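Inside the fold
One letter stands for each residue in the lines below.
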Amino acid sequence: MTPGPADLLLVIDVQVDFLPGGALPVPDGDAVVEPVNALQYRFRHVVLMQDWHPADHVSFADTHPGRAPFETVALPYGPQVLWPRHCVQGSPGAGFAPGLATDRASLVVRKGLDPRVDSYSAFLEADRTTRTGLAGALAERGITRVVLCGLATDFCVLWSALDARAAGFDVWVAADAVRGIDLNGSVADAWSRMEAAGVRRIESAAIA
Ligand code: VGL
Ligand code: ZN
């Protein structure tokens, strides 16, 4: 694949709290920084996503007395996995990973700001109704193809890829530039769901 003017690199949540040592570490998460940077210099259009929660966010286990991280609770919009508190707005953990290139992006989009609603997806919050505005921004730029990379394969990358497909984009995931959390086989599950939705898998070396 040779990126052209209608192609976008969508960098998902490469943030301090998702790296080893962070609040919600993705195993080997820091390994994405180098391939993500290399990819950024091959695309004309780059968007950086940032998980960006208020301190009392509904996805945090400590917002639900008696609940522990990685349990699932029922919320008005459906089941919600509870997480350790992470990516709190303005905190060091919410910042971009050290070494992540940020000079190429034309847009940084933050998600998960509503205290009552989570948003794994870059396009649509967990209520499946509230839009982040990203699809409109991409439409205005004439984007037709989206290549995803970043963290985590089985949550924010997965949901963003599925919603990008649903929005009509041609969608690819750079397999060596993502890492997953992997709760009960969720990484393998994510790849099969993406494949079933027509999301294509590519190695970043094949993008030049
Ligand atoms: C993510 C869990 C909670 C992600 C964000 O970026 O994949 N996962 N918040
Ligand atoms: Zn989050």
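Residues numbered from 1 in each chain as written. Chains lettered and ligands numbered in written order. Predicted model: local features only at pLDDT ≥ 70, side-chain atom pairs only at ≥ 80, totals over all residues.

**Remarks on the UniProt feature "domain: Isochorismatase-like" (unreviewed entry) in the protein chain**
The condition that has to hold: UniProt positions are given in the numbering used here, feature names are shortened, and annotations may be inferred rather than shown by experiment. Runs of H or I in DSSP of at least four residues are treated as helices and runs of E of at least two as strands, each being numbered from the N terminus.
Per the UniProt record, "domain: Isochorismatase-like" (unreviewed entry) is found at residues 8–202. In residues 8–202, the share of helix is 21% and the share of strand is 23%. The end C-alpha atoms are 15 Å apart.

**Considering the confidence of the model for the protein chain**
This is how it is decided: On a range of 0 to 100, pLDDT expresses the predictor's confidence in each residue.
With 100% of its residues at a pLDDT of at least 70, the protein chain reaches an overall mean of 98. Mean pLDDT across the secondary structure elements of the protein chain bottoms out at helix H2 (residues 134–140), with 96, and peaks at strand E6 (residues 145–151), with 99. Prediction confidence for the complex, expressed as pTM and ipTM, is 0.98 and 0.98 respectively.

**Re the site of ligand 1**
How we decide: Residues are classed as near a molecule or strand if the C-beta position derived from their backbone is within 6 Å of it. When residues are grouped by polarity, Ala, Val, Leu, Ile, Met, Phe, Trp, Tyr, Cys and Pro land in nonpolar, Asp, Glu, Lys and Arg in charged, and all others, Gly among them, in polar.
Around ligand 1, the structure places Asp 13, Asp 51, Trp 83, Tyr 120, Leu 151, Ala 152, Phe 155 and Cys 156. Partitioned by chemical class, the residues of the shell around ligand 1 number six nonpolar, no polar and two charged.

**What about the sheet that holds strand E8 (residues 200–202)?**
Going by this rule: At least two bridges found by DSSP between two strands is the condition for calling them paired. Throughout, an axis means a line fitted to C-alpha atoms (over the contacting stretch in the case of helices), and angles, computed between N-to-C directions, take values from 0 to 180 degrees. Note on contacts: each residue gets a C-beta atom placed from the backbone, and two residues are in contact if those atoms are within 7 Å.
Taken in spatial order, the six strands of this open sheet run E5-E2-E1-E6-E7-E8, and their pairing is parallel. Each edge of the open sheet carries a strand with a single partner, namely strand E5 (107–111) and E8. On average, each strand axis in the sheet is inclined to that of its neighbour by 25 degrees, with strand direction left out of account. Together, strand E1 (7–12), strand E2 (45–51), E6 and strand E7 (170–179) form the strand contacts of helix H1 (residues 33–40), whose direction differs from that of E7 by roughly 140 degrees. Each of E1, E6 and E7 is contacted by helix H3 (residues 153–166), which is oriented at about 170 degrees to E7, the strand it contacts most.

**Things to note about the nonpolar core**
Note the following rule: A set of buried residues drawn from Ala, Val, Leu, Ile, Met, Phe, Trp, Tyr and Cys, joined through C-beta atoms within 7 Å, is what defines a nonpolar core. Buried residues are those with 20 or more other C-beta atoms within 10 Å of their own C-beta, exposed residues have 12 or fewer, and partly exposed residues lie in between; C-beta atoms are placed from the backbone.
Ranked by internal contacts, the top residues of the largest apolar core, which has 60 residues, are Leu 10, Val 11, Ile 12, Leu 148, Cys 149 and Ala 161. Elements represented by at least two residues in this core include exactly E1, H1, E2, H2, E6, H3, E7 and helix H4 (186–196). It is H3 that contributes the most residues to this core, eight residues altogether. The residues touching Val 11, leaving out its near neighbours within four places in the chain, are Val 36, Val 46, Val 47, Leu 48, Met 49, Cys 149 and Gly 150.

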